[in-house]
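Each chain, written out:
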Amino acid sequence: MQIIIPGMRLIPEAVLANDAALFRTIPETPSHADKSLHRVVIVGGGAGGLELATRLGRKFRNRRLSVTLVDRNRTHIWKPLLHEVASGALSASHDAVEYIAHASRHGYRYRIGEVVGIDRAKRQVFVAPSFDDDGRQVIPPRVLGYDTLVMAVGSVSNDFGTPGAARHAISLDTADQAARFNKRMIDACLRASAQYEQLSPGQLHCVIVGAGATGVELAAELHRSMREIASHNLDNIDFERLIRITIVEAGPRILPALPDHVARASARLLVKLGVQIRCGIKVTEVTEDGVRLGENLFVPAELVVWAAGIKAPDLLENFDGLETDRINRLIVDDTLRAAADENVFAIGDCAHCRLPGEDKALPPRAQTAHQQAGHMVKVVAARMAGRAAPAFRYRDYGSLVSLADYGAFGSLIGGLKIEGLLARLVYRSLHRMHLATVHGLARTALASIGQMISRRARPRIKLH
């Protein structure tokens, strides 16, 4: 039997079945066997993992440090922008970071592959083989030795076991998923415009389950994108009347993790756009034709996006005895070190970090991963020098939400409320800060200018 994992193809089930015996017969990869180097292995090339690899590679280039980034994908897209990939506002092929080229420029190694386990006693990471679309092996299984292991595998959508959600709804955890939704959305518009018969119930309707930042921002982007698609000679259908977007939230209001004023302003704008908001009701089933709410209500929909709740990947559920919380996140102390192993650390969404004096763990936000990546550079430097790891200090710089070209709202540090153009500029600057960390200021500035020029020659949204 074989299992398909996004980003890799046809991975044998035996490799994924916690079969440590298979990896005990494989020698360590030679580039990781030199124990005169302090070997840092970072698992996951998301915002935190890529920034950490970049910073370590630059800081310790040509010094007694080996930095390796392991990810099953070959390119990186900043996760907070995946809703723009889904709507077609952003092209994954134009805006992605290629790990192979980036690693070469910034002094670290990149290894493609799916990490399937570790041996903490031997300080080894097990990486499954990768296969091409035809089932041919590209990279064999490997064993990577480490002195410091940093888990930065992020989070995935949590469907809470809702019947039909995994089969009929699309999550936006990866660029592949976002691109798949984008193609499905375009096909839905083309189908509706070309068919002779009357539209069926739910056709051109989209239900977004979950009213966090991803769900709310996606609703606004889809409102703009679907109408933009319709303007390209799809004139057989009254899209303005027939396109319908519904947000479903189990809690009492949208954007539950953001300040009240941001949620109220966003809700008013969405209602003005015609987006239907249903709060205080749970999705009990997702079918091929729509979603069931509660016991009696059914909302027909051709497109369903699941953006409700997160959890850490199942890989961490039984990660060689390391302690996790109820959603698989590794429990770490205030140095970001795992509770039971001084050589294993976790950052970003996959880390449950509750700082001293706080009641809750740090929020799963991009700014959290960004700050933790910067802190891990200090931790690695301390470990190389034989010093104790410093404690992490988190600073909340505020929250922002951008609703396509229609508006943006947020609050900055100190509770300062912002909206409109200023909020949109600050929101965009967060991505620029990430790119500056990854590429450097000069390269980011040149790339930004190039994008401004090239986008004038491209359609406003991706149409294929």
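This text gives an overview of the structure that appears in the document. Remember, it's a predicted structure, so these values are computed and weren't measured experimentally.

So, on to empty space enclosed by the protein. Per the counting criterion, the structure on display carries two cavities of 30 Å³ or more. Size it by volume and the largest cavity reaches roughly 50 Å³. Every residue along the wall of the largest cavity is listed here: His76, Ile77, Trp78, Leu81, Leu90, Asp95, Val97, His431, His434 and Leu435. For the lining of the largest cavity, the residue count by class is six nonpolar, three polar and one charged. As for the second largest cavity, its lining consists of Arg329, Gly348, Asp349, Ala351, Leu362, Pro363, Pro364, Thr368 and Gln372. Broken down by class, the residue content of the lining of the second largest cavity amounts to four nonpolar, three polar and two charged.

Tallying each qualifying case throughout the model produces one aromatic pair. One residue, Lys59, lies across the ring of Phe60, its end atom 5.8 Å from the ring centre.

Ile42, Leu52, Leu56, Val125, Leu149, Met151 and Met376 are the most contacted members of the largest nonpolar core, which totals 54 residues. Here this core gets five residues from one element, more than from any other, and that element is helix H11 (residues 366–384). Setting aside residues up to four positions removed in sequence, Val125 forms contacts with Val41, Val115, Gly117, Ile118, Arg142, Val143, Leu144, Tyr146 and Leu149. Judged by nonpolar contacts, the second largest core, of 51 residues, contains Leu82, Cys189, Val305 and Phe409.

Calculation rules
- Residues numbered from 1 in each chain as written.
- Predicted model: local features only at pLDDT ≥ 70, side-chain atom pairs only at ≥ 80, totals over all residues.
- Heavy atoms only, no water.
- 1 Å grid on protein atoms, 1.4 Å probe; cavity = no way out; pocket = protein on both sides within 12 Å on 5 of 7 lines; lining within 4 Å.
- Points joined across faces, edges and corners; volume = space filled by probe spheres on them.
- Nonpolar A, V, L, I, M, F, W, Y, C, P; charged D, E, K, R; others polar.
- Phe/Tyr/Trp six-rings, centres within 6.5 Å; stacked < 30°, edge-to-face > 60°.
- Lys NZ or Arg CZ within 6 Å of the ring centre and 35° of its normal.
- Core = buried A, V, L, I, M, F, W, Y, C linked by side-chain atoms within 4.5 Å.
- Buried < 20%, exposed > 50% of the residue type's maximum accessible area, 1.4 Å probe, protein only.
- Helix = DSSP H or I, 4+ residues; strand = E, 2+ residues; numbered from the N terminus.
- Contact = heavy atoms within 4.5 Å.

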